[in-house]
Amino acid sequence: MAQFLFITDLDNTLVGDDHALETLNQRLIRHRETHGTKIVYSTGRSLTSYQNLCTEKQLLPPDALITGVGTAIYHDLDNEPDSTWSELLMENWDRDRAAVIAAQFAELTPQPESEQGRFKASYYLSEADAEQVLPQLKANLHNEGLQFSLIYSGGKDLDILPHNANKGLAMTFLREQWQFGATQTVACGDSGNDRALFDMGDEHGIIVGNAMPELLEWHYDNPSPRRYLAKATYAAGILEGLTHFKFI
């Protein structure tokens, strides 16, 4: 047993089974108190949406919170995001121009204002339209000379982000800031926007048993001994994976 960096998605990964969440929380509390383990939540939610979730579910206070699919990092739930990370994301980013191009597609419906951000333009896009729209949107953004990242997940959520923003890069930023080795790090997820957590290097990864087909397909196409597909779902799957890798 030793200190490690624990990073997890929230919806349908950590959250989804209240009884399993309570069990996992107790194990993580003891490990943090005994070994100094760091707990990070990495979510597509905004800070406001995360705070709303905290009123509904019993979540442990994290050591850091990554919101907006990796576009903001909060330490000890400060109201202001990490300024160093924000400065990195500003490089070659033009949200207004990206939003103008996205507005040309009738199939894209803007998500609520609460889910938009300085480094995140978010839309709803049906799975039926995605196959046709995504390549054309990508081409149009490229033709405008923009540097960006497109993340489509859950068969409905599309995010246009800076080219150097995603959950995996935010994880690496924190890992290096806190001086954790990659092999001391474990990340957990269930959907397409969590893929970046499992595709960075030598970090361990746990995919919960209720993962979406989009992530499972990538997992089977890119096998790795550092990644574990749990049989159990939600928080129980995380606990299964942590036990498999002998973190707890």
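About the thresholds
Residues numbered from 1 in each chain as written. Predicted model: local features only at pLDDT ≥ 70, side-chain atom pairs only at ≥ 80, totals over all residues. Heavy atoms only, no water. Buried < 20%, exposed > 50% of the residue type's maximum accessible area, 1.4 Å probe, protein only. Helix = DSSP H or I, 4+ residues; strand = E, 2+ residues; numbered from the N terminus. Right-handed = clockwise from strand over helix to strand, strands pointing away. Pairing = 2+ DSSP bridges. Axes fitted to C-alpha atoms, helices over the stretch in contact; angles between N-to-C directions. Contact = heavy atoms within 4.5 Å. Nonpolar A, V, L, I, M, F, W, Y, C, P; charged D, E, K, R; others polar. Core = buried A, V, L, I, M, F, W, Y, C linked by side-chain atoms within 4.5 Å.

Let's shift gears to the pairing of strand β3 (residues 64-67). Alternating positions in β3 separate into two faces, Ala64 and Ile66 on one and Leu65 and Thr67 on the other, with burial throughout. After leaving strand β2 (residues 38-42), the chain enters helix α2 (residues 47-54) and then returns to the sheet as β3, a path that is right-handed. Across four bridges, β3 lies against strand β4 (residues 72-75) in antiparallel orientation. Across the sheet, Ala64 pairs through a bridge with His75, a residue of β4. The hairpin formed by β3 and β4 contains four residues between the paired strands, and Gly68 there has a positive phi angle of roughly 60°.

Contact pair helix α1 (residues 18-35) / helix α8 (residues 234-244): the axes reach a minimum separation of 8 Å and the direction vectors enclose 35°. Facing Ala20, Leu21, Thr23, Leu24, Arg27 and Leu28 of α1, the residues of α8 in contact are Ala235, Ala236, Ile238, Leu239 and Leu242. Residues that form the contact of α1 with α8 fall into these classes: nine nonpolar, one polar and one charged.

Let's shift gears to the nonpolar core. By size, the foremost hydrophobic cluster in this structure holds 43 residues, and its most contacted members are Val40, Leu108, Leu137, Leu141 and Ile160. Phe6, Ile39, Leu59 and Ala72 belong to the second-largest nonpolar core, a separate cluster that totals 32 residues.

None of the figures reported here should be taken as evidence of function without further support.
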